[in-house]
Amino acid sequence: MALSAITDRGPNTWLQAVLAEFIGQGHLSTHMRRMHSAYVRRRRAMISSFDRIASPHVSLRQNTSGLRVIANLPPGTRDLDVLDRLDARGLSAYALSYYCMQRQDLNGLLLGFGCTHEDDIPAAVEDLCTCLASLA
């Protein structure tokens, strides 16, 4: 620990040089454009999958940015209970109620799509809807 305090006094100049070259050659902006396109496709896949299934057990809140969507759950379905079922199916989500310190009426799932390939999203949405239907 003491050696680290002595040797790690600043940013790694070698990494800074590599990053500067990466940016200077236009690779960062190319990467950002490519990722933006991928995220738009993934968002569309997520929304269109929910629209296609039209499950009465879940509805998406309208939002137009970010790498997550919020799925509303029907009254009486606790988001924390759903997480255990999703985990058993190999799916992950975040309980919206976990992020609420005072309001108890927020109940839903925070669904990320940034790290999921767009071709895998429809099957994941179907699994989610099947899981929610089994709770009803």
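Everything that follows concerns the structure shown earlier in this document.
Residues numbered from 1 in each chain as written. Predicted model: local features only at pLDDT ≥ 70, side-chain atom pairs only at ≥ 80, totals over all residues. Heavy atoms only, no water.

Draft legend 1. Looking closely at the overall build of the protein. Along the backbone of the protein there are five helices and four strands. Ordering the α and β elements of the protein from the N terminus gives α-α-α-β-β-α-β-β-α. For 136 residues, the compact-globule formula gives about 14 Å, and the C-alpha radius of gyration of the protein, at 20 Å, lies well above that figure. Taking the principal axes of the C-alpha coordinates as reference, the protein spans close to 55 × 40 × 25 Å. Here the protein holds 136 residues, and 26% of them are scored as buried. Taking contacts inside the protein between residues at least 6 apart in sequence as the whole, the part at least 24 apart equals 63%. On the protein, roughly 9,500 Å² of surface is accessible, and the fraction owed to carbon and sulfur atoms is 56%. Side-chain charges in the protein split into 14 positive and 13 negative, and the spacing between the mean points of these groups amounts to 6 Å. (Helix = DSSP H or I, 4+ residues; strand = E, 2+ residues; numbered from the N terminus. Rg over C-alpha atoms; globule rule 2.2 N^0.38 Å. Buried < 20%, exposed > 50% of the residue type's maximum accessible area, 1.4 Å probe, protein only. Contact = heavy atoms within 4.5 Å. Areas by Shrake-Rupley, 256 points an atom, 1.4 Å probe, with all protein chains shown as cover. Lys, Arg positive; Asp, Glu negative; His and termini not counted. Charge placed at Lys NZ, Arg CZ, Asp CG, Glu CD.)

Draft legend 2. Main features of the pairing of strand β2 (residues 68–72). Of the two faces of β2, the one lined by Val-69 and Ala-71 is fully buried and the one lined by Arg-68, Ile-70 and Asn-72 carries no buried residue. Bridge analysis of strand β1 (residues 59–60) against β2 gives two bridges, and the strand direction is antiparallel. In the sheet register, Leu-60 faces β2, and the bridge partner there is Ala-71. As defined by bridge partners, β2 adjoins strand β4 (residues 108–112) across five bridges and the pair is classed as antiparallel. Bridge pairing links Asn-72 to Gly-108 in β4. (Pairing = 2+ DSSP bridges.)

Just distances and angles here, no functional claims.
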